[in-house]
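So the chains spell out like this:
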6 protein chains.
Amino acid sequence: MRPSGRNLDEMRAVSIDVGVTKHAEGSCLIKVGDTHVLCTASIEDRPPPFLKGTGLGWVTAEYGMLPRSTGSRMRREATAGKQGGRTVEIQRLIGRSLRAGVDRVALGERQITVDCDVLQADGGTRCASITGGWVALRLAVNKLMKAGDVLSDPLAEPVSAVSCGIYAGQPVLDLDYPEDSEAGVDGNFVMTGDRLIEVQMSAEGATFSRKEMEQLMALAEQGTAELTAAQKAAVA
Amino acid sequence: MRPSGRNLDEMRAVSIDVGVTKHAEGSCLIKVGDTHVLCTASIEDRPPPFLKGTGLGWVTAEYGMLPRSTGSRMRREATAGKQGGRTVEIQRLIGRSLRAGVDRVALGERQITVDCDVLQADGGTRCASITGGWVALRLAVNKLMKAGDVLSDPLAEPVSAVSCGIYAGQPVLDLDYPEDSEAGVDGNFVMTGDRLIEVQMSAEGATFSRKEMEQLMALAEQGTAELTAAQKAAVA
Amino acid sequence: MRPSGRNLDEMRAVSIDVGVTKHAEGSCLIKVGDTHVLCTASIEDRPPPFLKGTGLGWVTAEYGMLPRSTGSRMRREATAGKQGGRTVEIQRLIGRSLRAGVDRVALGERQITVDCDVLQADGGTRCASITGGWVALRLAVNKLMKAGDVLSDPLAEPVSAVSCGIYAGQPVLDLDYPEDSEAGVDGNFVMTGDRLIEVQMSAEGATFSRKEMEQLMALAEQGTAELTAAQKAAVA
Amino acid sequence: MRPSGRNLDEMRAVSIDVGVTKHAEGSCLIKVGDTHVLCTASIEDRPPPFLKGTGLGWVTAEYGMLPRSTGSRMRREATAGKQGGRTVEIQRLIGRSLRAGVDRVALGERQITVDCDVLQADGGTRCASITGGWVALRLAVNKLMKAGDVLSDPLAEPVSAVSCGIYAGQPVLDLDYPEDSEAGVDGNFVMTGDRLIEVQMSAEGATFSRKEMEQLMALAEQGTAELTAAQKAAVA
Amino acid sequence: MRPSGRNLDEMRAVSIDVGVTKHAEGSCLIKVGDTHVLCTASIEDRPPPFLKGTGLGWVTAEYGMLPRSTGSRMRREATAGKQGGRTVEIQRLIGRSLRAGVDRVALGERQITVDCDVLQADGGTRCASITGGWVALRLAVNKLMKAGDVLSDPLAEPVSAVSCGIYAGQPVLDLDYPEDSEAGVDGNFVMTGDRLIEVQMSAEGATFSRKEMEQLMALAEQGTAELTAAQKAAVA
Amino acid sequence: MRPSGRNLDEMRAVSIDVGVTKHAEGSCLIKVGDTHVLCTASIEDRPPPFLKGTGLGWVTAEYGMLPRSTGSRMRREATAGKQGGRTVEIQRLIGRSLRAGVDRVALGERQITVDCDVLQADGGTRCASITGGWVALRLAVNKLMKAGDVLSDPLAEPVSAVSCGIYAGQPVLDLDYPEDSEAGVDGNFVMTGDRLIEVQMSAEGATFSRKEMEQLMALAEQGTAELTAAQKAAVA
């Protein structure tokens, strides 16, 4: 029934290659099916101005899509002169999600910027960015710990994210682009272990019941469990 | 226990005054406690370009805060040269929420722009904007129907929204600013009747369980029911 | 002869409600007929950089119109990405006018920003902004004096403003929108007591004589006297 | 008493050289003392969109200062990314002033853009721009009439402008920069023949009486009469 | 003598992988040593407006660097709100270079946009972009020809580019970043077969002789011959 | 054969008037045929931030065209909100070229900004800007030396620039606009004495041989020798 032939609760194939750029303190290329995102984590020794003297660190994120990561070429945001509303929304979500899994006292007064750049898009880019972004962040933090700059580990369980939605009347896990563009209801779920960090369910031109909400929630728990395993394997 | 002395499941006082500006096709001033939002609905006879010839109408929203609607003066976005990320996120949410309650075929090829301008802020401005925005939209649509420009009513049940969160370890309904700035977890719930339109729960530097999610959900159902009654009374 | 039925030298009804927002140090809602402007004064303890160390204070102003304050919806300036030429011109005028009535030594090294936001427009918004802006400023200064932060009163007589023009061949006082859009010549007059602060007379596609200039000037003196009385009553 | 040694009612030396660029339909270099402005008039065969089909023409103006036209180098507005408030105010004034002297029906559906670029500044650049701008406009219109594209002359008497102010307690004509930066009150007067087009009197941190206003007005009449003679000689 | 241990006339290893994204009509990932650039070619059926009705096609290019493609993180241009001067210069060069190798009549009224996004930078990114950009363009044109949309091949010999410079007093081929940042003189040479398309030699804080210019030119001929071979192998 | 009737190796008439503005530390108006550029050099006592404490000075340049310097009016860049790609490219070239002729240690920790504003354009504006810009720079440096602020002369031989191209199949010196718009190949050559600073040859939709490159190079050497003589005469 799904365009890809997957089962309702079947994720796409996930791969995470680490250490893909020579400059970044942490990096990975995450592939969730045909969605490919290059994630890098860059450490700066200074925190943002509003945290000066607080002892707290900061993690922030930026998101971008290459102009031809999509089916038809999009205008480059640098040419347009600003980031679009969707981009801003997504990078705020990534930053919030990653910060929820960080002990900012343990991190100390520094900033880590996670850049998530979509090389190829096929639905679920924000979720792949969170999942891959955490891996890049983990690797950068490992470097800080190895160098003795950070003593107590500021990260605990991986943070990962997956989208679910009602497609053709059925709750399905990990929407790809053909599903995403048809689904009346879809949600993004960010989790760490069995705890929730962010739930965003939204109906464009439709509505949904509490029962449907719970069905999607259950699929999401299953999906993030798989992603967590992939993250752990990647950083091992 | 709450700074305002309210019960955990107690909304702030809600008032909705309609017809508050002489120019707009629909308007109201909604007050949810000390949060005051002026909502206007403006009809344009042409749909946006991407809907030309489809027979479908469009509803969109814009959001703004007066510079001194807040405790300390904020920079005016027109001076800054762009809308901030938070503003963009909020106005996209308002637009999506209102559209979910509109039969766009019945509306026909026209556009209604709902402007939500915060005169005074005390938490929950986006929810008040959705609730008041629907009232302004309803009044504008009434005008179209009375004039015979729209024959079948494109609106059904009111769309309303409320925020809930975990404050001092307890789930509470309708966060005001002092609560909102302390809450580790908060959510915005948009409903129409007993159906959900949008759920956004988010933990800044924290996490939450499925059980907590459901407690907040239950409070939200109670809150939006009260708001719906106020909306119906206002447009009667 | 006037669309509103007023006499040639008759002002519209003026009301000034003070203390209309809970956050601002001074605020009022001024209504001059159907022109409604929300004015707030915000105190900052630091002067602008160019006054650091001079012992002088600063008063500045910003002006905005809500998108649907007008007959047809205007584009929001925050969306357009900049303030239009008219807005810039008006807020510079408001700032200059208010400063002319301030003893900047007595004010001391601090800045007061007066925001004038038009909720509903029917001509004469810049004049209403100056008149209401002074009231907000007066209330904010009262607060500083009561707290002992300012010892000698930096404000003297109220600053107020009114527009006059040649409408249908006759000099008239306090143009409303239907008159303003027809008048070939119109002027804005800012006064304090019997002294002038700013005179701007301009002819779009027309010219005027020195005699007409003096007729308008005389009407303006009468109008600002009425406004001054209303300002004094409001802050009493 | 004046820094330049001029009498109170003495203009600076004025020269207007016409035909100074080979491309523009009309052009002049106006020098009012050490203030030098290059004015060009460019004809476009199409009116601006809002006049399409009305039979009316349009005259508009743009103003700029070369970065080192002033005592210390100013930032280039093209680098800053926008025109400053002062620039916008001035070019709106120039456009309004020139249009007041144009019969837009006689001009027909076309647009003339007058560019006023300050090569060297020593006070009074906006007035010199209006005076020189009219000369460039006159020459461009002559070209249209010679070519038979315009049959009835859309221009009548020259439009010219001069500044006056209260300097060291005395009303003086044609302020140069050292006077302008000291004067508490100054005004710009735009005239055509003995009729007024625009009067802008403004007091930065001061006030003025009606009597002073009239003294400045009288000086302005004398100054614009001299300028009108220079304009007529230049275009003869 | 070179930091990399290469001979003076030795290129870095070059690899070109084609078909690396599923959406673009043509694509490759070119690696010149540690400089990695993702090049895509996107076909639009319409030419840019200025070519409408001329029968001519257009090829244009855009260039970007991922924020952490470099040793320290650069600000994202979409966040900065505009493309920097260096970016603009480079993308204009890429576009001009590729167009020089295109028969625009044979291409017909369509536009091909070549996007060159630097994933990892180690000097020579503009040259790698031209070389890889041509490969992406070739593949996109092949697609048009296979589909019968273009009948006569608009491309002839490959267009490729290499940088040379005077490093430590010696002319060297294919500068990497450590060399580039030290070289007083460097040049970029774009060739097709034995013909030149663009030569840009520039001395930052130094000068060079005609003899040195010819030495660099000779190295460039050798380098582009190697690149041409790699391009031909990649598209075979 | 050339539209102007000049010989293939004949420059246009060159004149350089110095001291043309009263404010700038150095200035000239350079005319190369009908191309007229006003060049000013402005001294700032502080270097740009990145040179603080290095003992090195900086020379930078900005370039602009008046809107009607060209055959049809161009949009003002300050109105467009940014400098176009061509402007950015040109001003970077001017800055680089002038810096190559400066001993930045001798200049000391200060910045000189050279503004090149085109009053009238007829081809070759960037070359005229470099040639005239050097004269303005020379005069500003003379002032510093005369005041004893700079002890050892940071400038040596003049820096000058000329364009050459293949026009109607023939190599020609100093392209004017009608030639420039037809030439398939053109180059800009910046020299100081017999040394090269910058060579930019480019073929829009064409290619060229090494032999043609050398023919243009030889013409350029002849042209810059003439310009150098004019520069020396001007500053004598």
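- As annotated in an unreviewed UniProt entry, chain A carries the name Ribonuclease PH and comes from Pelagovum pacificum.
- Quoted verbatim from the Catalytic activity (unreviewed entry) field of UniProt, the annotation for chain A is "tRNA(n+1) + phosphate = tRNA(n) + a ribonucleoside 5'-diphosphate".
- What the UniProt record of chain A gives under Sequence similarities (unreviewed entry) is the line "Belongs to the RNase PH family."

A closer look at the overall build of chain A
(1) Moving on: When helices and strands are tallied, chain A shows six helices and nine strands.
(2) Moving on: Taking 2.2 N^0.38 as the reference for a compact globule, 236 residues should give roughly 18 Å; the C-alpha atoms of chain A span a radius of gyration of 18 Å, in line with that estimate.
(3) Moving on: Considering only C-alpha atoms, chain A reaches an extent of 55 × 40 × 30 Å along its principal axes.
(4) Moving on: Residue burial in chain A is summarised as follows: out of 236 residues, 60% are buried.
(5) Moving on: In chain A, the proportion of contacts linking residues at least 24 apart, taken out of those at least 6 apart, comes to 69%.

A few points about the relation of the copies chain B and chain A
(1) Moving on: Screw-axis analysis of chain B against chain A gives a translation of 0.0 Å along the axis, an RMSD of 0.0 Å, and a rotation angle of 180°. Here the two chains are linked by the operation of a two-fold rotation axis. Ranked by how close their C-alpha atoms come to the rotation axis, the residues of chain B are headed by Gln200 of chain B, at 2.2 Å.
(2) Moving on: Mapped onto chain A, 100% of the interface residues of chain B are again interface residues, and the two copies thus contact each other with one and the same surface.

A look at the interface of chain B and chain A
(1) Moving on: Contacts between the two partners involve 32 residues from chain B, matched on the other side by 32 residues from chain A.
(2) Moving on: With both chains or domains summed, chain B and chain A bury close to 3,000 Å², and 49% of this area falls on carbon and sulfur atoms.
(3) Moving on: Of all residues in chain B, the largest losses of buried area upon contact with chain A belong to Glu89, Leu196 and Arg210 of chain B, amounting jointly to 20% of the total for that side.
(4) Moving on: Counting across the chain B and chain A interface gives five salt bridges.

So, the arrangement of the chains
(1) Moving on: With respect to C-alpha atoms, chain B approaches chain E no nearer than 10 Å, and the pair has no contact.
(2) Moving on: One finds no contact linking chain D with chain E; the least C-alpha distance across the pair is 10 Å.

Here's the deal with the nonpolar core
Residue and element names in this part refer to chain A.
(1) Moving on: Residues Val59, Ile94, Ile112, Val114 and Leu137 are the most contacted members of the largest nonpolar core, which totals 43 residues.
(2) Moving on: Mapped by element, the contributors of at least two residues to this core are β2 (26-32), β3 (35-44), β4 (58-65), α2 (85-100), β5 (111-120), α4 (125-146), β6 (159-167) and α6 (210-235).
(3) Moving on: Take this core: its biggest share by element is 11 residues, from α4.
(4) Moving on: Leave out the neighbours within four places in its chain, and Val59 touches Gly95, Leu98, Arg99, Val102, Leu107, Ile112, Val114 and Leu137.

So, the UniProt feature "domain: Exoribonuclease phosphorolytic" (unreviewed entry) in chain A
Residue and element names in this part refer to chain A.
(1) Moving on: Per the UniProt entry, the sites bearing "domain: Exoribonuclease phosphorolytic" (unreviewed entry) are residues 10-140 and 158-222 in this numbering.
(2) Moving on: Strand forms 31% of residues 10-140 and helix 31%; the C-alpha atoms that close the span are 31 Å apart.
(3) Moving on: As a span, residues 158-222 carries 26% helix and 46% strand, and end to end its C-alpha atoms are 15 Å apart.

Describing the pairing of strand β6 (residues 159-167) of chain B
All names here are of chain B.
(1) Moving on: Within β6, nine of the nine residues are buried, which leaves the element mostly enclosed by the surrounding structure.
(2) Moving on: Side chains of β6 alternate between two faces, with Val159, Ala161, Ser163, Gly165 and Tyr167 and Ser160, Val162, Cys164 and Ile166 buried alike.
(3) Moving on: With eight bridges connecting them, β6 and strand β8 (residues 185-192) associate as antiparallel partners. Counterpart to Val162 in the pairing with β8 is Phe189.
(4) Moving on: Two strands pair when backbone bridges link them, and β6 and strand β7 (residues 170-173) are joined in this way by four bridges, in the antiparallel orientation. Bridge pairing in β7 places Ile166 opposite Pro171.
(5) Moving on: Connecting β6 to the next strand, β7, in antiparallel fashion are two residues, including Ala168 with a positive phi near 50°.

Some words on the UniProt feature "binding site: phosphate" (unreviewed entry) in chain A
All names here are of chain A.
(1) Moving on: According to UniProt, the feature "binding site: phosphate" (unreviewed entry) maps to Arg86, Gly124, Thr125 and Arg126 in the numbering used here. Spatial clustering of the annotated residues is evident: they stretch over 41 residues in sequence, but the largest pairwise C-alpha distance comes to 13.3 Å.
(2) Moving on: Ignoring any residue separated from it by four or fewer positions in sequence, one finds Gly124 in contact with Arg12, Thr35 and Leu175.
(3) Moving on: Residue position: Arg126 is located in helix α4.
(4) Moving on: If sequence neighbours within four positions are ignored, Arg126 has contacts with Arg86, Ile90, Leu93, Asn188 and Gln200.

Here we look at the sheet that holds strand β2 (residues 26-32) of chain B
Residue and element names in this part refer to chain B.
(1) Moving on: In space, the five strands of this open sheet follow the order β1-β2-β3-β5-β4, with mixed pairing throughout. Unpaired on one side and paired on the other, β1 (14-18) and β4 (58-65) mark the two borders of the sheet. Adjacent strand axes in the sheet meet at a mean angle of 20° when their direction is disregarded.
(2) Moving on: Of the strand pairs in this sheet, β4 and strand β5 (residues 111-120) are connected by eight bridges, and their pairing is parallel. What sits directly across from Gly64, in β5, is Asp117.
(3) Moving on: Set on the sheet, helix α2 (residues 85-100) makes contact with β4 and β5; between it and β4 the angle comes to about 145°.
(4) Moving on: Its contacts with the sheet put helix α4 (residues 125-146) on β1, β2, β3 (35-44), β4 and β5, and the angle it makes with β3 is roughly 35°.

A closer look at unusual backbone geometry
(1) Moving on: Positive phi outside glycine occurs at Asp174 of chain A, with the angle close to 60°.
(2) Moving on: Mapped onto the elements, Asp174 of chain A comes out in the loop between β7 (170-173) and α5 (177-180).

Observations regarding helix α6 (residues 210-235) of chain C
(1) Moving on: For α6 of chain C, which comprises 26 residues, the first-to-last C-alpha distance of 37 Å matches the rise-based estimate of 38 Å (1.5 Å per residue) to within 8%.
(2) Moving on: Three or more residues of α6 of chain C are buried, namely Met213, Leu216, Met217, Leu219, Ala220, Gly223, Thr224, Leu227, Thr228, Gln231 and Ala234 of chain C.

Describing the interface of chain F and chain E
(1) Moving on: In this assembly, 32 residues from chain F lie in contact with 32 residues from chain E.
(2) Moving on: Between chain F and chain E, a total of about 3,000 Å² is buried, with carbon and sulfur atoms accounting for 49% of that surface.
(3) Moving on: Looking only at chain F, the three residues that lose the most surface to chain E are Glu89, Leu196 and Arg210 of chain F, adding up to 20% of its buried area.
(4) Moving on: The tally of links between chain F and chain E comes to six salt bridges.
(5) Moving on: Between Glu221 of chain F and Arg210 of chain E there is a salt bridge; the shortest N-O distance is 3.3 Å.
(6) Moving on: Linking chain F with chain E are 13 residue pairs in polar contact (both at pLDDT 80 or more), by the criterion used here.
(7) Moving on: Elements that contribute at least two residues to the side of chain F that touches chain E include exactly α2 (85-100), β9 (195-203) and α6 (210-235) of chain F.

Observations regarding the environment of Arg138 of chain F
Residue and element names in this part refer to chain F.
(1) Moving on: Mapped onto the elements of the fold, Arg138 is located in helix α4 (residues 125-146).
(2) Moving on: Along the backbone, Arg138 and Gln91 are 47 residues apart, and their C-alpha atoms lie at a distance of 18 Å.
(3) Moving on: Ignoring anything within four residues of it in the chain, the contact list for Arg138 reads Met145, Asp153, Leu155 and Val235.

Some words on the side chain of Arg96 of chain A
(1) Moving on: Among the structural elements, Arg96 of chain A can be located in helix α2.
(2) Moving on: Residue classification places Arg96 of chain A among the buried positions, given a relative accessible area of 12%.
(3) Moving on: Polar contacts involving the side chain of Arg96 of chain A include one to the side chain of Glu198 of chain A, which spans 2.6 Å.
(4) Moving on: Look past the residues within four positions of Arg96 of chain A in its chain and what remains in contact with it is Glu198 and Gln200 of chain A together with Glu89, Ser202, Ala203 and Glu204 of chain B.

How each quantity is defined
Residues numbered from 1 in each chain as written. Chains lettered and ligands numbered in written order. Predicted model: local features only at pLDDT ≥ 70, side-chain atom pairs only at ≥ 80, totals over all residues. Heavy atoms only, no water. UniProt positions renumbered as here; feature names shortened; annotations may be inferred. Helix = DSSP H or I, 4+ residues; strand = E, 2+ residues; numbered from the N terminus. Rg over C-alpha atoms; globule rule 2.2 N^0.38 Å. Buried < 20%, exposed > 50% of the residue type's maximum accessible area, 1.4 Å probe, protein only. Contact = heavy atoms within 4.5 Å. Least-squares fit on C-alpha atoms with pLDDT ≥ 70 in both. Buried area = accessible area lost by both parts, 1.4 Å probe. Salt bridge = Lys/Arg side-chain N within 4 Å of Asp/Glu carboxyl O. Core = buried A, V, L, I, M, F, W, Y, C linked by side-chain atoms within 4.5 Å. Pairing = 2+ DSSP bridges. Axes fitted to C-alpha atoms, helices over the stretch in contact; angles between N-to-C directions. Expected span 1.5 Å × (residues − 1). Polar contact = N/O pair within 3.5 Å; in protein donor to acceptor, adjacent residues only side chain to side chain.

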